[in-house]
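Single-letter residue listing:
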Amino acid sequence: MPSTGQQAFQFGPFRLDGHRRSLTRDGVAVPLGGRALDILLELAMAAGETVSKSALLDRVWPGLIVEENNLQVHISALRKALGEGWIITVPGRGYRLAAARPLSDGPPLPERPSIAVLAFTNMSGDPDQEYFSDGIADDIITELSRIRWLFVIARNSSFAYKGRAVDLRQIGRELGVRYILEGSVRRSGGRVRVTAQLIEAETASHIWAERYDRGITEVFTVQDQITTAVTAAILPVVADAEQRRAMRKLPESLGAWEAYQRGLWHLARPTAENFRQARNFFERAIEVDPMFAPPYYRLAHLTIGEGAVYQSRTVPEIVSIAEPLARRAIEIDPDDADAQAVASAVSAWRGDWDAALARAEQAVRMSPNSVSAHRALGFCLLNFERYTDARNEFLACLRISSRDPLNWLIRLQLGTSYYYECDYETASDTLWQASRASPDEPEVYFCLAAALGQLGRTAEAQAALRHATNIVPGRAPTIVPRRRSEDLEHLLDGLRKAGWRG
């Protein structure tokens, strides 16, 4: 390997990172073999000068006798990956790389997503309003710092760029972050307008932007509202970008975080094959980093899904497998709200509803922006007959992450809450929405069939019931835990009216 391969270089749309041994084009990974990457690094470090063939052979294959045609094969592969014009043949001498420039040194990017929140620009023309724009950015930093999977740069570092015209790509390199949040505040009379933009630092491309207009009655209340809105909006955007980034990488090159992201992608698409793939990726993440908590509780979540969706595990098996996984995640990181939320679900499956409710409430206190926490609390409140409170939690999930692939589950629980209250019309409408979001989830169709059965819409109810049983033949609608036997009997009553004979 090149002796100084820790440096990073930019040429055209390409970024070559010696530390991470990666090549990207506009932020998208370009797959390269190890020898080809070493050759490219040697050419980049030559700063536009020609590197002889013999020098490349000596540095890339040290101590080995290698035919020159091996070098030519890798040069051809590089030209195919880069396109013509970047690697120039100097007849009789060697090769050189056009237009490569070294990037300024900075800390290496952490594997997990990293973000810097810059000081928001005061556009009000009143220096006395500076405290308000600084306060919003400062509060966003505080809120983001509560997210366990996000690496957030401290205020003193990110605010150092205040008032300076600095290229965002340079800021990203100097701070070692993948994402940058910047914004502005304009306050006039009794109103304030805040704009915010989320930028992918490597390419300086915008991946999210929003504007917030508020009337000011109480400064700190408005500041809290905007902080909550911005934080809630950018978290799913970052999560989505991380999944897309992980899906572009070759499976054998995945680190713990990237393997975990691949597992999440499969977990959100409930089929038997996707569940199998999700389990493989979560186990790979644990193998790479045994002290990384999320794969443990996602494996517990997956185990519950295997039992709930496909009934491939009995309730005692679900508890015996999922409980130690959730416990291990909490041992590693007691402050992870999502781990507490999964532990709440495990307690519910064990039949300990008081413990389930306590853990869910604790998870929401830990992270008010955790969808998993609100979902767990809503499920518990639903089983404690607190239907309005449960719906508030489910609606909070949809508000926090409107694009979450698991929102079909939220709509299923919303529909179930209306069913328990005998509002079958609203229940069926909500469950139709859930079925459109996840057409292969049998529990949705069982509940929909029950609601339609109660409404006397027999033909539709029978169609929904057939769909449920066709997805997983022989599956019974009785495995999902319920605190009250009356709720289960209520569901079965609707299913019998739909034609179920179980």
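Predicted, not measured: the structure shown is a model, and the values here were computed from it.

S.K.: Would you take a moment to explain the packing of aromatic side chains for this structure?
M.R.: Each pair of aromatic rings is reported with the distance of its centres and the angle of its planes. The full count for this structure, using the stated rule, is 11 aromatic pairs. Judged by centre distance (5.2 Å) and plane angle (25°), the rings of Phe 11 and Phe 14 are stacked. Arranged with centres 5.7 Å apart and planes meeting at 45°, the rings of Trp 353 and Phe 379 form a pair that is tilted. Taken as a pair, Trp 353 in helix α13 (residues 353-366) and Phe 379 in helix α14 (residues 371-383) lie far apart in primary sequence, 26 residues in all. Phe 379 shares its class with Trp 353; the two are buried. Through a chain of ring-to-ring contacts, three or more aromatic side chains come together here, namely Trp 149, Trp 257, Tyr 260, Phe 282 and Phe 292. When the ring centre of Trp 265 is taken as reference, the NZ or CZ atom of Arg 269 above it lies at 4.0 Å.

S.K.: Where do I start with the packing of helix α4 (residues 130-144) against helix α7 (residues 219-247) in this structure?
M.R.: Where α4 contacts α7, the axes come no closer than 9 Å and their chain directions differ by 45°. Taken together, the axes of α4 and α7 are oblique relative to one another. For the pair α4 and α7, the crossing hand works out as right-handed. Seen from α4, the contacting residues are Tyr 131, Phe 132, Gly 135, Ile 136, Asp 139, Ile 140, Glu 143 and Leu 144; seen from α7, they are Val 219, Val 222, Gln 223, Asp 224, Ile 226, Thr 227, Val 230, Thr 231, Ile 234 and Leu 235.

S.K.: I would appreciate a short explanation of the nonpolar core in the present structure.
M.R.: Formed by 92 residues in total, the largest nonpolar core has its most connected members in Tyr 260, Phe 282, Leu 302, Trp 349, Tyr 419, Leu 465 and Leu 495. Among the elements that make up this core, the one with the highest residue count is helix α18 (residues 442-454) (9 residues). By size, the runner-up hydrophobic cluster in this structure holds 33 residues, among which are Phe 132, Tyr 212, Val 230 and Ile 234.

S.K.: How should I be thinking about the confidence of the model for the protein chain in this particular structure?
M.R.: Fine structural detail should not be taken from predicted coordinates in areas where pLDDT scores are low. Averaged over every residue, the pLDDT of the protein chain is 87; residues scoring 70 or more account for 97%. In the model of the protein chain, strand β8 (residues 101-102) stands out as the element of lowest mean pLDDT, 75, in contrast to α13, which has the highest, 96. Of the regions scoring below 50 in pLDDT, residues 1-5 engages in 11 contacts with residues more than four places distant in sequence or in other chains.

S.K.: Please explain the pattern of salt bridges as it appears in this structure.
M.R.: As enumerated under the stated definition, the model contains 33 salt bridges in all. A salt bridge links Arg 386 to Asp 389; the shortest N-O distance between them is 3.2 Å. The exposure class assigned to Arg 386 is partly exposed, which follows from its relative accessible area of 37%. Shared partners join several salt bridges into a network, and the residues in it are Arg 178, Glu 242, Arg 245 and Glu 258.

S.K.: When you look at the sheet that holds strand β5 (residues 51-52) in this model, what are you seeing that I'm missing?
M.R.: Sheet strands line up and pair through hydrogen bonds in the backbone, either parallel or antiparallel. The 3 strands are arranged β5-β7-β6 in an open sheet whose pairing can be described as antiparallel. Bordering the open sheet on either side are β5 and β6 (87-90), each of which pairs with just one other strand. Bridging between β6 and strand β7 (residues 94-97) involves 4 bridges; their strand directions are antiparallel. Paired with Ile 88 across the bridge in β7 is Arg 96. Helix α1 (residues 34-45) contacts β5, β6 and β7 of the sheet and is inclined by roughly 75° relative to β7. Running at roughly 140° to β6, helix α3 (residues 68-82) makes contact with β6 and β7 of the sheet.

How each quantity is defined
Numbering of residues starts from 1 in each chain and follows the order in which that chain's sequence is written. Restriction of local features to residues with pLDDT of at least 70 applies here, the model being predicted, together with a cutoff of 80 or more for giving and counting side-chain atom pairs; totals for whole chains, interfaces and linings are based on all residues. Side-chain numbers here rest on the full set of heavy atoms in the structure, without hydrogens or water. Ring pairs are drawn from Phe, Tyr and Trp, using the six-membered ring of Trp, whenever the two centres fall within 6.5 Å, and their geometry is named by plane angle: stacked under 30 degrees, edge-to-face over 60, tilted for the rest. Helix and strand assignments follow DSSP, with helices taken as H or I runs no shorter than four residues and strands as E runs no shorter than two, numbered in order from the N terminus. Think of it in three bands: residues with accessible area under 20% of the maximum for their type are buried, residues over 50% are exposed, and the middle band is partly exposed, with areas taken using a 1.4 Å probe on protein chains only. Counting as a charge over the ring demands two things of the Lys NZ or Arg CZ atom: a distance within 6 Å of the ring centre and an angle within 35 degrees of the ring normal. Note on method: axes are straight lines fitted to C-alpha atoms, helices fitted across the in-contact stretch only, with angles between N-to-C directions ranging 0 to 180 degrees. Comment on the angle field: the value is read as roughly parallel under 35 degrees, roughly antiparallel over 145, roughly perpendicular from 65 to 115, and oblique elsewhere. A crossing counts as left-handed when the near helix is turned anticlockwise from the far one by less than a right angle, and as right-handed when that turn is clockwise. Contacts: residue pairs with any heavy atoms within 4.5 Å of one another. Residues grouped as a nonpolar core are buried Ala, Val, Leu, Ile, Met, Phe, Trp, Tyr and Cys residues, joined through side-chain atoms within 4.5 Å. Every residue gets a pLDDT, meaning the predictor's confidence in that residue, from 0 to 100. Whenever a carboxyl oxygen of Asp or Glu lies within 4 Å of a side-chain nitrogen of Lys or Arg, that contact is scored as a salt bridge. A pair of strands is considered paired only if DSSP assigns at least 2 bridges between the two.

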